[in-house]
Amino acid sequence: MRRKRRKVSYVYWYFHRIERSKTMANVSKVKVGREGLLKKLEELSIESTTIEHPEVFTVEEALPHVSHLEGMFAKNLFLRSKKKKLYLFCAPHDADIKLNDLAKLSGASGGLRFADESVLEEKLGLTQGSVTLFGLINDHAKDVTLVLDRQLLDGSYTKIYFHPMVNSASTAISSAGIQAFLQHTGHEPLIVDVAKTTDESQN
């Protein structure tokens, strides 16, 4: 009788563990969206300001809605190397750098190219047109290397605008806010100097 009870208890424990694992896996697949992001910024005491605008898919489309505001709108590129290593490049929107030069700065062998949207959605929970630094909140496995232009961290701008997971709004935070956010996500950025690289390539 005792053996039977032990067997039943073990079977119950085994299947309970399987179901719990499935539940945890499903939870990990749930991506943070706009509301979850803004709530997290508030929880982290990161001051932010969000403005609404029509959906935009390029920097050029976004500028008419944000260029009159204090600060700088950020350019964000989701890239992959030949070996399929993933990179998120963030810089002032007017930063002019070729992917080949960026690959050298990032140490990406074989060059860089744009990653597929399916990978963007899988890793960062984003769609095309909404690429943003904030997407790193969904990169729990740290599969994405952040390449950040130094001007976004050195106080050159009082506010830096990124999409809040959707391309129908822009959210401004300070350089200190960026650092606090990255401390939360656990991403150590690779700092590059785009302006210096551009000047050197032109000389």
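Residues numbered from 1 in each chain as written. Predicted model: local features only at pLDDT ≥ 70, side-chain atom pairs only at ≥ 80, totals over all residues. Heavy atoms only, no water.

Trainee: Pulling in residues and values, what's your account of the overall build of the protein chain?
Mentor: Looking only at helices and strands, the protein chain features seven helices and eight strands. Counting over 203 residues, the protein chain shows a buried share of 39%. For the protein chain, contacts bridging at least 24 residues in sequence account for 66% of all contacts bridging at least 6. When the accessible surface of the protein chain is summed, it comes to about 12100 Å², and 51% of that surface belongs to carbon and sulfur atoms. (Helix = DSSP H or I, 4+ residues; strand = E, 2+ residues; numbered from the N terminus. Buried < 20%, exposed > 50% of the residue type's maximum accessible area, 1.4 Å probe, protein only. Contact = heavy atoms within 4.5 Å. Areas by Shrake-Rupley, 256 points an atom, 1.4 Å probe, with all protein chains shown as cover.)

Trainee: Give a detailed account of the side chain of Ser-106, specifying residues and quantitative values.
Mentor: Here Ser-106 is to be found in helix H4 (residues 99-106). Here Ser-106 falls in the buried class, since its relative accessible area comes to 12%.

Trainee: Account for helix H5 (residues 117-124), with residues named and values stated.
Mentor: Of the positions making up H5, those classed as buried are Leu-120, Lys-123 and Leu-124. All buried residues of H5 project into a common sector of 85° when viewed along the axis, lining one side. Against the buried residues of H5 lie strand E2 (72-81), strand E3 (86-92) and strand E5 (144-149). In the segment just after H5, Gly-125 is the residue with positive phi, at about 70°. (Arc of directions from axis to C-beta.)

Trainee: Can you break down the layout of surface pockets residue by residue, with the values?
Mentor: In this structure, the largest pocket occupies an estimated 440 Å³ of space. Considering the residues around the largest pocket, the lining is formed by 19 residues, among which Phe-57, Asn-76, Leu-77, Gly-129 and Val-131 are closest to the centre. Elements with a contribution of two residues or more to the lining of the largest pocket: helix H3 (59-66), E2 and H5. At six residues, the largest contribution of residues to the lining of the largest pocket is made by E2. Taken together, the residues that form the lining of the largest pocket break down as 11 nonpolar, six polar and two charged. (1 Å grid on protein atoms, 1.4 Å probe; cavity = no way out; pocket = protein on both sides within 12 Å on 5 of 7 lines; lining within 4 Å. Points joined across faces, edges and corners; volume = space filled by probe spheres on them. Nonpolar A, V, L, I, M, F, W, Y, C, P; charged D, E, K, R; others polar.)

Trainee: Could you give me a rundown of the environment of His-65, with the residues and numbers involved?
Mentor: Summarising the element assignment, His-65 is placed in helix H3. Overall, the relative accessible area of 28% leaves His-65 in the partly exposed class. Along the primary structure His-65 and Ile-51 are separated by 14 residues, whereas in three dimensions their C-alpha atoms are 8.9 Å apart. The contact partners of His-65, leaving out residues within four places of it in the chain, are Ile-51, His-53, Pro-54 and Val-56.

Trainee: Outline the packing of aromatic side chains, supporting the account with residue identities and numerical values.
Mentor: Applying the stated criterion across every chain yields a total of two aromatic pairs. On the basis of an interplanar angle of 65° and a centroid distance of 5.6 Å, the ring pair of Phe-134 and Phe-162 is categorised as edge-to-face. Residue Phe-134 is located in the loop between H5 and E5, and its partner Phe-162 is located in strand E6 (residues 160-162); the two are separated by 28 residues in the primary sequence. With a centroid separation of 5.4 Å and an interplanar angle of 85°, the aromatic rings of Phe-134 and Phe-181 are classed as edge-to-face. With a gap of 47 residues between them, Phe-134 in the loop between H5 and E5 and Phe-181 in helix H6 (residues 175-185) connect regions that are remote in the sequence. (Phe/Tyr/Trp six-rings, centres within 6.5 Å; stacked < 30°, edge-to-face > 60°.)

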